[in-house]
Amino acid sequence: MNALRVSGRFGVGMMGLLLASVLFGEVQAADGSASLLATMWKWAPLIGQGFLLNILISVVAMTLGTVAGLGLGLGQMSPIWPLRHAAQIVTQFFRNAPWLVLLFYCILLLPYEMRLGGLVVAMPAWIKATVGLALPVMGNVSEIVRGGVQALPPAQWDSAEALAFNRRQTLWMVILPQAIKPMLPPWMNLYAVLIMATPLVSVVGVEEAMTLTRFALSAENRSELLLPMYLALLIAFFAYCYPIARWTARLERRFAVKL
Amino acid sequence: MLDTIAERPAPAAVASARPAAAPAVMLANVRKSFGSTRVLNGVTLSVKRGDVTCVIGPSGSGKSTLLRCINALTPVDAGTVVVEGIAVHDPALDKLALRRRVGMVFQQYNLFPHKTALENVMMAPIHVLQEDREEVEARAVALLTKIRLLDKAHCYPGALSGGQQQRVAIARSLAMRPTIMLFDEVTAALDPVMVKEVLSTIRDLAEEGITCILVTHEMGFAREVADQVCFTDHGIVVEEGPPEMIFTQPEDPRTRDFLGHVTF
Ligand SMILES: Nc1ncnc2c1ncn2[C@@H]1O[C@H](COP(=O)(O)OP(=O)(O)OP(=O)(O)O)[C@@H](O)[C@H]1O
Ligand SMILES: [Mg+2]
């Protein structure tokens, strides 16, 4: 809670800094060139579109990573030991690999298009990058699932098994519905980390907010724009993540009381 | 390993050769260790159909483990466990078929907290036995009426008292229409009034002819209701017999010592 209030103030501080840097830039700017604010305003729609791509990438990567991570997490608890060990190894690998390296691998290894039966699906760079980001999400979700399930009292397994539920029924009807609540806060934290990692895809040429900011800066070629433009980008990310963080904290508090 | 399997009668043979008065539950030389801890050291016990058997003994003597071996929640290391003609020790055991016939209730109730009392009772018959929902609901309502908790049907377990939760847990097991019920210290976490409620529910079951095996510290109940009392210590059944015998003239000094320490 305290941390949140502090980061709220931090947001206001960043705004102040932005204004200051713009004002400072205006003073510095050579006479005759357009005002900094006007220039930034001119680029805002394009960079805003890029930011939407960041959000899209994060949502798709989170969805893919969550579905795959759920499977992997359940695999980690499988009674079949080869499956269990394989799932554990895969989880540890993707959790502990640098995101940027995974991203490069996906860009390099995934084909330009994929054939699904007779259908040819194009794989543009942003899709490959999204898959690249989904992999570490998968590894982390897998651990969140395992943690959430193992935090439940083993007695819940006992009573489900004693009622002749099979393993699948036990998982889907008894265990997972109870494990979702404690899994939600870490899962939302992971999403915040993921959206913050989306500018990584700029290094592989995806035209998201970061790439477009750099593009605008080089097009304008004015050094006094550098600070305010990147600050504006920071503020955009902050404005998107802060409500999520607040919500996560609220859920965390609520579940902490209940459990 | 091989010869122990060879010694065991095949499940089919057990089922067909079962005489009319075969015990509902039969354990012979059952052994179980957790790592280096030997918990059951050759338990032998036989429970007649329709009887109430109370298992008593000091903490850590393996009472819970013994019960869990009967419905295969805990696999045995060696020995024979036959329940209603099903060879439970057989590695090829169909656990689900066994557990459809054997209900179990635990000390901590273990109701499903995300389901209402009624849903808790209805879940297994609907999803495990795949019975008609309306039929199951009628049965569940009848069960909740019997334990006098129909007014709490739509409450979540968190809103029920311990005794009420425990009675719902019993109803949940009964909804599967088991022929055998296992109770593991089901009154241990309850206050005296609730203990009475739960014990009277169990007494009703016994009168209906369901075979009941209880691990309990309620010596008064054991004395009054049990057909057989069985004293365990250090992973063996030290002594068993009708309650009047165990409680008034126990033969084994360990039984005497234990009973000397409990209050009635
Ligand atoms: N899953 C397990 N893993 C390891 N040790 C176990 C396990 N279950 C039981 N034990 C051990 O086996 C011994 C007997 O346990 P059990 O629960 O059967 O005793 P009990 O007679 O039911 O005791 P209580 O009256 O305290 O419930 C204990 O020492 C316990 O620590
Ligand atoms: Mg016990």
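- In the nomenclature of an unreviewed UniProt entry, chain B is known as Amino acid ABC transporter ATP-binding protein of Azospirillum cavernae.
- The Sequence similarities (unreviewed entry) field of the UniProt record for chain B holds the comment "Belongs to the ABC transporter superfamily."

### Examining helix H5 (residues 125-150) of chain A
Point 1. The end-to-end C-alpha distance of H5 of chain A is 38 Å, a good match for the 38 Å that 26 residues give at a rise of 1.5 Å each.
Point 2. Among the 26 residues of H5 of chain A, 19 are classified as buried, and the element is accordingly described as predominantly covered.

### A few points about the interface of chain B and chain A
Point 1. Residue-level contacts link 22 residues of chain B with 16 residues of chain A.
Point 2. Taken together, the two surfaces of chain B and chain A that pack against each other cover about 1,600 Å², and 66% of this comes from carbon and sulfur.
Point 3. The shortest N-O distance in the salt bridge between aspartate 158 of chain A and arginine 68 of chain B comes to 2.9 Å.
Point 4. At the boundary of chain B and chain A, one finds six residue pairs in polar contact (both at pLDDT 80 or more).
Point 5. Listed by contribution, the elements that provide at least two residues to the side of chain B that touches chain A are helix H4 (95-101), strand S6 (102-105), helix H5 (117-127) and helix H7 (162-174) of chain B.
Point 6. Considering only residue class, the side of chain B that touches chain A consists of twelve nonpolar, five polar and five charged.

### Side note on the pattern of salt bridges
Side chains bearing opposite charge may pair, as long as their charged atoms lie close to each other.
Residues and elements named next belong to chain A.
Point 1. The full count for this structure, using the stated rule, is 13 salt bridges over all chains.
Point 2. Among the salt bridges present, the one from glutamate 224 reaches arginine 222, with a minimum N-O distance of 3.1 Å.
Point 3. Taking the relative accessible area as the measure of exposure, glutamate 224 reaches 21% and is therefore partly exposed.
Point 4. What makes arginine 222 buried here is its relative accessible area of 13%.

About the cut-offs
Residues numbered from 1 in each chain as written. Chains lettered and ligands numbered in written order. Predicted model: local features only at pLDDT ≥ 70, side-chain atom pairs only at ≥ 80, totals over all residues. Heavy atoms only, no water. UniProt positions renumbered as here; feature names shortened; annotations may be inferred. Helix = DSSP H or I, 4+ residues; strand = E, 2+ residues; numbered from the N terminus. Expected span 1.5 Å × (residues − 1). Buried < 20%, exposed > 50% of the residue type's maximum accessible area, 1.4 Å probe, protein only. Contact = heavy atoms within 4.5 Å. Buried area = accessible area lost by both parts, 1.4 Å probe. Salt bridge = Lys/Arg side-chain N within 4 Å of Asp/Glu carboxyl O. Polar contact = N/O pair within 3.5 Å; in protein donor to acceptor, adjacent residues only side chain to side chain. Nonpolar A, V, L, I, M, F, W, Y, C, P; charged D, E, K, R; others polar.

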